[in-house]
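The chain contents come next:
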Amino acid sequence: MQKLFILYLFLNATISFSQNLEPAVFAKVNTFRHTGFEDNIFADGALGVSLFSTYWISPKIGFKRIFGNPNDVSFFNETNQELIRSKYKGNVFTVGAKIRLTKPEDAWLFIWPEYSFGDVKFESSYYKTEDDITRLTLQERINSKNYNSWFDLSTGVEFYFDNNERFLTSVYLMYTLMDLGSGFDKLSFENTTKRPPSKNNSTIGLGVSIEYCFCKKNQD
């Protein structure tokens, strides 16, 4: 219901401003820092479109690829070692709007609230030493697909880097509310009572986006 309501608002706004269509396409990459993940980071990348843009707001829809690898979890006892290795990935849709906070001059500030929703695949592998403590052997691999939805909020600065005002670049900080815990909690091994780590990865990241505008912006 929440997803349908957000889509309704977007389509209603598009119809309202249809006489001033200024289509654009964008690509962006976000990288987040979180100590619970391999190399302390996880990331996503997105492609999308903006059907119109007013002086202050530009609603956007997109397609985003998310992925990450939580840290391995190791267990030791006198006879062997056990290890659980996990990852997630997914293709989700996004609905949001870039809202300008200052007048578009050489550079200007904005916020970008965004709602993401779609299926995410969770996978965990269970390893255990057998003959040699230094040799881990795969014992079991499990996976599941879970519907996830969450909000992100970005704030940063953007500017044109060409005289025709067609290429728009944004650099921003992004706070994500994505919670992977429910997906990993559904995974359960048959050959061990050990479980994959439960991850709430709400955190701050850094993002960059590039947007190509098919029509020159009219800044009255």
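Presented here is an overview of the structure given in this document. From a predicted model like this one, the values you see are computed outputs, not experimental measurements. (Residues numbered from 1 in each chain as written. Predicted model: local features only at pLDDT ≥ 70, side-chain atom pairs only at ≥ 80, totals over all residues. Heavy atoms only, no water.)

Moving on: the overall build of the protein. Secondary structure assignment for the protein yields two helices and nine strands. If you list the helices and strands of the protein from N to C, you get α-β-β-β-β-β-β-β-β-α-β. The buried share among the 220 residues of the protein stands at 45%. Expressed as a percentage of contacts within the protein between residues at least 6 apart in sequence, the contacts between residues at least 24 apart total 67%. Surface summary for the protein: the accessible area is close to 11,800 Å², and the carbon and sulfur share equals 57%. (Helix = DSSP H or I, 4+ residues; strand = E, 2+ residues; numbered from the N terminus. Buried < 20%, exposed > 50% of the residue type's maximum accessible area, 1.4 Å probe, protein only. Contact = heavy atoms within 4.5 Å. Areas by Shrake-Rupley, 256 points an atom, 1.4 Å probe, with all protein chains shown as cover.)

On to the packing of aromatic side chains. This model, assessed by the stated rule, comprises 16 aromatic pairs. Geometrically, the ring pair formed by F37 and F42 is tilted, given 4.7 Å between the ring centres and 40° between the ring planes. No difference in accessibility class separates F37 from F42, as the two residues are buried. Cluster of aromatic residues (ring-pair linked, three or more members): F63, F93, Y115, F117 and F151. Taking NZ or CZ as reference, K28 lies 4.0 Å from the ring centre of W112, over its face. Here K194 stacks its cationic end above the ring of F75, 5.1 Å away from the centre of that ring. (Phe/Tyr/Trp six-rings, centres within 6.5 Å; stacked < 30°, edge-to-face > 60°. Lys NZ or Arg CZ within 6 Å of the ring centre and 35° of its normal.)

Of all 20 residues in strand β5 (residues 81–100), 14 are buried, a share of seventy percent or more. Across twelve bridges, strand β3 (residues 57–68) lies against β5 in antiparallel orientation. Looking across to β5, one finds that F63 is bridged to F93. Where strand β4 (residues 73–76) lies against β5, four bridges are found, and the strand directions are antiparallel. Looking at β5, one finds that V73 is bridged to I84. Between β4 and β5, which pair antiparallel in sequence order, lie four residues. Relative to strand β6 (residues 108–129), β5 runs antiparallel, the two being bridged by 15 bridges. When the sheet's bridge partners are listed, G96 is paired in β6 with E114. (Pairing = 2+ DSSP bridges.)

Now for a nonpolar patch on the surface. On the surface, F151, V171, L173, Y175, L177, I204, L206 and V208 cluster together into a nonpolar patch covering about 720 Å² of accessible area. Secondary structure elements with two or more residues in the nonpolar patch: β8 (167–176) and β9 (203–213). Here I204 falls in the exposed class, since its relative accessible area comes to 52%. (Patch = residues over 30% accessible without salt bridge, like charges linked within 9 Å, V, L, I, M, F, W, Y side chains within 5 Å. Salt bridge = Lys/Arg side-chain N within 4 Å of Asp/Glu carboxyl O.)

Turning our eyes to something else, we now look at a positive patch on the surface. A cluster of basic side chains, namely R65, K89, K121 and K145, defines a positive patch on the protein surface. Among the structural elements, K121 can be located in strand β6. (Lys, Arg positive; Asp, Glu negative; His and termini not counted. Charge placed at Lys NZ, Arg CZ, Asp CG, Glu CD.)

Quick look at the side chain of E211 now. The topology assignment puts E211 in strand β9. Here the side chain of E211 touches K60 through a polar contact of 2.9 Å, side chain to side chain. When near neighbours in sequence (up to four residues on either side) are disregarded, E211 contacts A24, V25, F26, S50, K60, K98, R166, F167 and L168. (Polar contact = N/O pair within 3.5 Å; in protein donor to acceptor, adjacent residues only side chain to side chain.)

Relative to strand β7 (residues 136–160), β6 runs antiparallel, the two being bridged by 22 bridges. Within β7, the position partnered with W112 by the bridge is S154. Here β7 folds back onto β8 in antiparallel fashion, the turn holding six residues, of which E165 has a positive phi close to 55°.

Once that is clear, we can look at the environment of F159. Summarising the element assignment, F159 is placed in strand β7. Each C-alpha atom of the pair F159 and L109 lies 9.2 Å from the other, and the pair is 50 residues apart in sequence.

With that out of the way, let us pick up unusual backbone geometry. At D39, a residue that is not glycine, the phi angle is positive and equals roughly 60°. If you trace the backbone, D39 turns up in the loop between β1 (21–33) and β2 (41–52). Classification of D39 as exposed rests on a relative accessible area of 63%. A positive phi angle is found at N40, which is not glycine, with a value near 65°. Note that N40 resides in the loop between β1 and β2.

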